[in-house]
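A structural walkthrough
Spelled out, the chains give:
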Amino acid sequence: DITERKQSESKLRLLAYALSCTRDSFCLTDLQDNILLVNDAFYATYGYTEDEVIGKNISMMRSPETPKEILSQISPATLSGGWHGELINCRKDGTEFPIELWTSVVRDEREIPIGLVGIARDISDRKAVEETLAHESMLWHTLMDNIPDTIYFKDTESRFTRINKAQAIVLGAASVEKALGKTDFDFFSIEHARRAFNDEKEVIQTGKPIIGKVEKVITLDGVVRWFSATKLPIRNSDGSISGIVGSSREITDLMITEH
């Protein structure tokens with residue numbers, strides 16, 4: 001049927017065009033992982049020519065850094081419905097880079113598997129960002145866990161959303177987690193808690209920070225301590241204020257000496 005044949009040819013042209021436009025690497029292999037077809041992005045990513053790729057085994061792209069147990073899972077998982085995960089692959093020049101891979105099985109009209117399809121995405125940039133964020137997170141946790149000054153974050157209702165270990169000690173909280181969701185009223189005298197609450201409301205309403213304010217802090221059991229406190233507004237991307245971040249340093253010994 002000429003009409004049916006033309007429709008099939010049209011679909012094939014569209015498919016070929018779609019494959020040529022995508023920036024992800026497309027690879028079709030037989031059941032033994034020998035390469036049958038790849039798209040332009042594949043050549044651009046790996047640096048090979050057509051003659052160097054077609055008929056070769058996909059294993060030539062794999063890095064020794066990828067654990068063998070992961071590689072051994074791909075074909076069986078693909079035949080069972082598909083595989084998705086991350087690998088380390090190699091370009092022609094030997095440079096290694098991380099990819100995210102999705103696989104699926106190609107079946108004939110009798111539903112018998114005849115090939116495997118892999119769509120791979122170079123995730124080098126994403127991994128670099130993740131490593132940077134992980135390093136910054138490590139630095140942040142190191143600071144939060146070791147700095148002697150208190151650091152805390154509060155929402156617009158002055159409830160603690162995050163604190164460091166030094167703040168937990170000042171509050172007398174059993175752990176950092178035990179303080180979250182609570183306010184100064186749960187840990188300090190009404191006098192101090194109300195004063196701190198009013199200061200924080202002013203920061204939230206006006207956006208003006210409080211810098212180095214000397215505060216007299218009285219705990220629920222009557223212990224008096226002095227701190228130099230700083231409170232700053234936390235702003236969303238649209239400029240609205242979603243809470244405050246505060247830090248304080250104990251100056252009790254200094255106040256006793258001066259008086």
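Our structure's up above, just so we're on the same page.
Reference entry: report on the structure contained in this document. Computed from a predicted model, the values in this text were never measured in an experiment. (Residues numbered from 1 in each chain as written. Predicted model: local features only at pLDDT ≥ 70, side-chain atom pairs only at ≥ 80, totals over all residues. Heavy atoms only, no water.)

Overall, antiparallel pairing links the five strands, which are arranged 7-6-10-9-8 in an open sheet. Single-partner strands in this sheet number two, and they are strand 7 (160-163) and strand 8 (210-218). Pairwise comparison of adjacent strand axes, ignoring direction, gives a mean angle of 30° for this sheet. As defined by bridge partners, strand 9 (residues 224-235) adjoins strand 10 (residues 241-250) across nine bridges and the pair is classed as antiparallel. Within strand 10, the residue paired with S228 across the bridge is R249. With respect to the sheet, helix 5 (residues 124-146) is in contact with strand 6 (150-155) and strand 7, its orientation differing from that of strand 7 by roughly 90°. Set on the sheet, helix 8 (residues 190-206) makes contact with strand 6, strand 8, strand 9 and strand 10; between it and strand 8 the angle comes to about 160°. (Pairing = 2+ DSSP bridges. Helix = DSSP H or I, 4+ residues; strand = E, 2+ residues; numbered from the N terminus. Axes fitted to C-alpha atoms, helices over the stretch in contact; angles between N-to-C directions. Contact = heavy atoms within 4.5 Å.)

Another point: the nonpolar core. Within the largest apolar cluster, 17 residues are counted, with the highest numbers of intra-cluster contacts made by F42, V53 and M61. The set of elements that each furnish at least two residues to this core consists of strand 2 (35-38), helix 2 (40-46), strand 3 (83-90) and strand 4 (96-107). If you look at the next biggest cluster of nonpolar residues, it comprises 16 residues, including F160, A168, A179 and F227. (Core = buried A, V, L, I, M, F, W, Y, C linked by side-chain atoms within 4.5 Å. Buried < 20%, exposed > 50% of the residue type's maximum accessible area, 1.4 Å probe, protein only.)

Along the chain, D149 turns up in the loop between helix 5 and strand 6. Only 2.8 Å separates the side chain of D149 from the side chain of R249, close enough to count as a polar contact. Other than its neighbours up to four places away in sequence, D149 contacts N164, A166, S247, S248 and R249. (Polar contact = N/O pair within 3.5 Å; in protein donor to acceptor, adjacent residues only side chain to side chain.)

Moving on, we get to the sheet that holds strand 5 (residues 113-122). Spatially, five strands are ordered 2-1-5-4-3 in an open sheet, and the strand pairing comes out antiparallel. Single-partner strands in this sheet number two, and they are strand 2 and strand 3. With strand direction ignored, the average angle separating the axes of adjacent strands in the sheet is 30°. With nine bridges joining them, strand 4 and strand 5 adopt antiparallel strand pairing. Within strand 5, the residue paired with E100 across the bridge is R121.

Take the environment of G172 next. With respect to the secondary-structure elements, G172 resides in the loop between helix 6 (165-171) and helix 7 (176-179). With relative accessibility at 60%, the residue G172 sits in the exposed group. In the structure, G172 is positioned 16 residues away from F188 in sequence and 9.6 Å away in space, judged by C-alpha atoms.

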